[in-house]
Amino acid sequence: MKALITGITGFVGSHLAEYLLAKGQIEVHGSYRLRSRMNHIQHLQSSIHLTECELKDPHSVSQMIQSVQPDLIFHLAAQSFVPTSWNSPTETLVNNIAGQVNLFEAVRKQGLSSKILIACSSEEYGLVHPEETPIKETNPLRPLSPYAVSKVAQDYLGYQYHESYGLHVIRTRTFNHTGPRRGENFVTSNFAKQIAEIELGLRPPVIHVGNLEAKRDFTDVRDVVRAYWLALEKGEPGETYNIASGTAYKISDMLQLLLSLSGHSIKIETDPARLRPSDVEILLGDAGKFSTQTGWRPEIPFETTMKDLLNYWRAELRTPGEAPQA
Ligand SMILES: Nc1nc2c(ncn2[C@@H]2O[C@H](COP(=O)(O)OP(=O)(O)O[C@H]3O[C@H](CO)[C@@H](O)[C@H](O)[C@@H]3O)[C@@H](O)[C@H]2O)c(=O)[nH]1
């Protein structure tokens, strides 16, 4: 069986590649862009097949699909950082929406029956009223950032291509996820990296933060990639599923947890540049529909995830590129 991961060099892509290789009997292919950093998949390079592909270019996508002929496609490649979407809204929308349309069009025109997972997001729910939590898939979508709008479009395009052409598309609305290799812009990783830098004396004992009042539902990336596999194995085509832990942490509590894992005394300072024009206040998901369909449940406790993330940064800062491959 052949699996294609778009965005294989990224945080989730690298974990998914490891998961699929460990399952065995899956030929793992991945797409990357010209300037992608390869550090997350360096240790896998001899076991995977890489294709350079610009997803915004229909020709490039068509050629890749033609040569790989994947049975499974995990479409993870995207501009995924919310603040970047305010600075570059057009780039975010074009990248995320056109990339997926090009992929769908290639599969459709070549008459393939690939099963396609599209990585949508809990950000789509956006403005959520307290009585609407835990959020079900039926909740209204009230996106609060250009990134969230791009994910709503990806989500509905998945629905539309399934209805119009019968493409085997599964849509997952994944809530926040983290773990080793998480990009340093994202909150858990950013705080963990700052703490590791303070421990090594690379910065003064002051941690810079944004809005600590928001609440997020975090799942370990290793549980998320298992969910993505199950989604294609057992999910209903055309359907959308929340992937969530069912517990929301205030960002300030997540920070306290990280600080408790470090013996250092650290001052907290708000950096106004880290505040957003509009922030999603609470994302707390109900993954009941997905659990019933696939039997999936998150297994890794949040404390373990945060310990692994902090240890990842400690190792990465000591010997860049050689952090343990968790
Ligand atoms: N990044 C960041 N966020 C901060 C900081 N301080 C507080 N926050 C708050 O921490 C929360 C989480 O921020 P991110 O880690 O940047 O993630 P996100 O905006 O929730 O989006 C992530 O989750 C989505 C799923 O819900 C994903 O779709 C998206 O790609 C991303 O992974 C937000 O409320 C943000 O305002 C900081 O210094 N940096």
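Residues numbered from 1 in each chain as written. Predicted model: local features only at pLDDT ≥ 70, side-chain atom pairs only at ≥ 80, totals over all residues. Heavy atoms only, no water.

Caption draft 1: Layout of the pairing of strand β4 (residues 72–75). In β4, alternate side chains face the same way, and those of Leu72 and Phe74 on one face and Ile73 and His75 on the other are all buried. Bridge count between strand β1 (residues 2–6) and β4: four bridges; the pairing is parallel. Bridge pairing links Ala3 to Leu72 in β4. Here β4 runs beside strand β5 (residues 115–121); their pairing, made up of four bridges, is parallel. Counterpart to Ile73 in the pairing with β5 is Ile116. (Buried < 20%, exposed > 50% of the residue type's maximum accessible area, 1.4 Å probe, protein only. Helix = DSSP H or I, 4+ residues; strand = E, 2+ residues; numbered from the N terminus. Pairing = 2+ DSSP bridges.)

Caption draft 2: Inspection of the sheet that holds strand β6 (residues 168–174) at higher detail. With parallel pairing, seven strands are arranged side by side in an open sheet as β3-β2-β1-β4-β5-β6-β11. A single partner strand is all that each edge strand has here, and the edge strands are β3 (49–52) and β11 (240–243). The mean inter-strand angle of the sheet, taken between neighbouring strand axes irrespective of direction, is 20 degrees. Lying over the sheet, helix α4 (residues 89–109) contacts β1, β4, β5 and β6, oriented at roughly 170 degrees with respect to β4. Helix α5 (residues 146–165) contacts β4, β5, β6 and β11 of the sheet and is inclined by roughly 150 degrees relative to β5. (Axes fitted to C-alpha atoms, helices over the stretch in contact; angles between N-to-C directions. Contact = heavy atoms within 4.5 Å.)

Caption draft 3: Molecular detail of the domain arrangement of the chain. Here the chain is partitioned into domain 1 (2–177 + 220–243) and domain 2 (179–216 + 247–279 + 300–318). Between the C-alpha centres of domain 1 and domain 2 the distance comes to 26 Å. Each partner contributes residues to the interface: domain 1 has 19 residues there, and domain 2 has 15 residues. A buried area of about 1600 Å², summed over both sides, lies between domain 1 and domain 2, and 51% of it is on carbon and sulfur atoms. When the buried area of domain 1 at its contact with domain 2 is split by residue, Phe11, Phe81 and Trp86 rank highest and sum to 31% of it. Inspection of the domain 1/domain 2 interface yields three salt bridges. Glu123 is the salt-bridge partner of Arg216, the closest N and O atoms lying 3.9 Å from each other. Run the count over domain 1 and domain 2 and you get nine residue pairs in polar contact (both at pLDDT 80 or more). Residue assignment for the side of domain 1 that touches domain 2 shows that the elements contributing at least two residues are α1 (11–23), α3 (82–87) and α7 (221–234). Ranked by the residues each element gives to the side of domain 1 that touches domain 2, the list is headed by α1, at four residues. A breakdown of the residues in the side of domain 1 that touches domain 2 according to their chemical character gives seven nonpolar, seven polar and five charged. (Domains from an automatic or database assignment. Buried area = accessible area lost by both parts, 1.4 Å probe. Salt bridge = Lys/Arg side-chain N within 4 Å of Asp/Glu carboxyl O. Polar contact = N/O pair within 3.5 Å; in protein donor to acceptor, adjacent residues only side chain to side chain. Nonpolar A, V, L, I, M, F, W, Y, C, P; charged D, E, K, R; others polar.)

Caption draft 4: Region of interest: the packing of helix α6 (residues 187–199) against helix α10 (residues 302–318). As a packed pair, α6 and α10 sit with axes 9 Å apart at the nearest point and diverge in direction by 50 degrees. Considering their axes alone, α6 and α10 lie oblique with respect to each other. Relative to α10, the crossing made by α6 is right-handed. On α10, the residues that touch Thr188, Ser189, Ala192, Lys193, Ile195, Ala196, Glu197 and Glu199 of α6 are Met306, Leu309, Leu310, Trp313, Arg314 and Leu317. Residues of the contact of α6 with α10, tallied by class, amount to eight nonpolar, two polar and four charged. (Parallel < 35°, antiparallel > 145°, perpendicular 65-115°, else oblique. Left-handed = near helix turned anticlockwise from the far one by under 90°.)

Caption draft 5: Geometry of the UniProt feature "domain: NAD(P)-binding" (unreviewed entry) in the chain. Here the UniProt feature "domain: NAD(P)-binding" (unreviewed entry) sits at residues 4–308. Along residues 4–308, the helical share is 40% and the strand share 17%, with 27 Å between the first and last C-alpha atoms. (UniProt positions renumbered as here; feature names shortened; annotations may be inferred.)

Caption draft 6: Molecular detail of the site of the ligand. Surrounding the ligand, one finds 24 residues, the nearest of these being Ser80, Ser121, Ser122, Tyr147 and Asp279. Contact between the ligand and Asn185: a nitrogen atom at 2.8 Å from a main-chain N or O atom of the residue. When residues of the shell around the ligand are assigned to domains, at least three fall in each of domain 1 (2–177 + 220–243) and domain 2 (179–216 + 247–279 + 300–318). (Near = heavy atom within 4 Å.)

Caption draft 7: Structural context of the nonpolar core. Grouped together as the largest cluster of nonpolar side chains are 44 residues, with contacts concentrated most on Ile5, Leu20, Phe74 and Leu76. Listing elements by their share of this core, those giving two or more residues are β1, α1, β4, β5, α7 and β11. Setting aside residues up to four positions removed in sequence, Leu76 forms contacts with Ile5, Thr6, Val12, Gly13, Leu16, Leu117, Ala119 and Tyr228. Phe218, Leu258, Ile266 and Phe302 belong to the second largest nonpolar core, which has 23 residues in total. (Core = buried A, V, L, I, M, F, W, Y, C linked by side-chain atoms within 4.5 Å.)

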